[in-house]
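# Residue-level structural notes
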Amino acid sequence: LELLDESEKLSQSSNAEIAFAWLKLGLEARNPAALKPVERFLATTGRGKFVNPLFKLLVQNPDTRGWGVDLYRKLKPTYHSIVQNRIEKLLRESVR
């Protein structure tokens, strides 16, 4: 994955659909190299269509859950209240 990203710059794509699909794949593969680009993407994108699934993958993985929660706390003020409510529901459900 890292070689493909290095050559094609998928995680840096200005097309949100492409960047999202690539970052989602990186999180599903549990690739630690995806975390920095995911953080950058989530800090610049507030659309629930992209934000919610990425946070869901972060909190479902025990290795990234704490990091994902901390990242959400940092970015929460930048998100619309509807997106905030969905992520907070996801966080509550993930501890059950």
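Each remark here, short or long, concerns the structure printed above.
Structural notes, computed from the coordinates. Everything numeric here is computed off the predicted structure, so don't read it as measured data. (Residues numbered from 1 in each chain as written. Predicted model: local features only at pLDDT ≥ 70, side-chain atom pairs only at ≥ 80, totals over all residues. Heavy atoms only, no water.)

### Regarding the pattern of salt bridges
For the structure on display, the rule yields seven salt bridges. Across the salt bridge formed by Lys-36 and Glu-39, the nearest N and O atoms sit 3.8 Å from each other. One end of the pair, Lys-36, and the other, Glu-39, are both in helix 3 (residues 35-44), three residues apart, so they sit about a helical turn from each other. Owing to a relative accessible area of 56%, Lys-36 belongs among the exposed residues under this scheme. What you see here is one network of salt bridges that share partners, running through Lys-36, Glu-39 and Lys-74. (Salt bridge = Lys/Arg side-chain N within 4 Å of Asp/Glu carboxyl O. Helix = DSSP H or I, 4+ residues; strand = E, 2+ residues; numbered from the N terminus. Buried < 20%, exposed > 50% of the residue type's maximum accessible area, 1.4 Å probe, protein only.)

### Some thoughts on the environment of Lys-76
The residue Lys-76 is located in the loop between helix 5 (65-75) and helix 6 (81-94) in this model. Along the chain, Lys-76 and Gly-66 lie ten residues apart, while their C-alpha atoms are 15 Å from each other. In contact with Lys-76, not counting residues within four places along its chain, are Gln-84 and Glu-88. (Contact = heavy atoms within 4.5 Å.)

### Concerning the packing of helix 4 (residues 48-60) against helix 6
Where helix 4 meets helix 6, the closest approach of the two axes is 10 Å, and the angle between their N-to-C directions is 20°. If you check the angle between helix 4 and helix 6, you find them roughly parallel. Here helix 4 runs over helix 6; the crossing is right-handed. Residues Gly-48, Val-51, Asn-52, Phe-55, Lys-56 and Val-59 of helix 4 pack against Val-83, Arg-86, Ile-87, Leu-90, Leu-91 and Ser-94 of helix 6. (Axes fitted to C-alpha atoms, helices over the stretch in contact; angles between N-to-C directions. Parallel < 35°, antiparallel > 145°, perpendicular 65-115°, else oblique. Left-handed = near helix turned anticlockwise from the far one by under 90°.)

### Things to note about the environment of Glu-88
In this structure, Glu-88 sits in helix 6. With relative accessibility at 22%, the residue Glu-88 sits in the partly exposed group. Sequence separation between Glu-88 and Phe-55 is 33 residues; the distance between their C-alpha atoms is 10 Å.

### Some remarks on unusual backbone geometry
Located in the positive-phi region is Lys-9, a residue other than glycine, with phi close to 55°. With a phi angle near 55°, Arg-30 is a residue other than glycine that sits in the positive phi range.

### Quick notes on the nonpolar core
Among the nonpolar cores identified, the biggest contains 25 residues, and Leu-42, Phe-55, Tyr-79 and Ile-87 are the most heavily contacted of them. Elements supplying a minimum of two residues to this core: helix 2 (16-28), helix 3, helix 4, helix 5 and helix 6. Ranked by residue count, the leading element in this core is helix 4, at seven residues. Setting aside its immediate chain neighbours within four residues, Phe-55 contacts Leu-42, Gly-68, Leu-71, Tyr-72, Tyr-79, Ile-87 and Leu-90. (Core = buried A, V, L, I, M, F, W, Y, C linked by side-chain atoms within 4.5 Å.)

Scope: geometric values only; no functional claims are made or implied.
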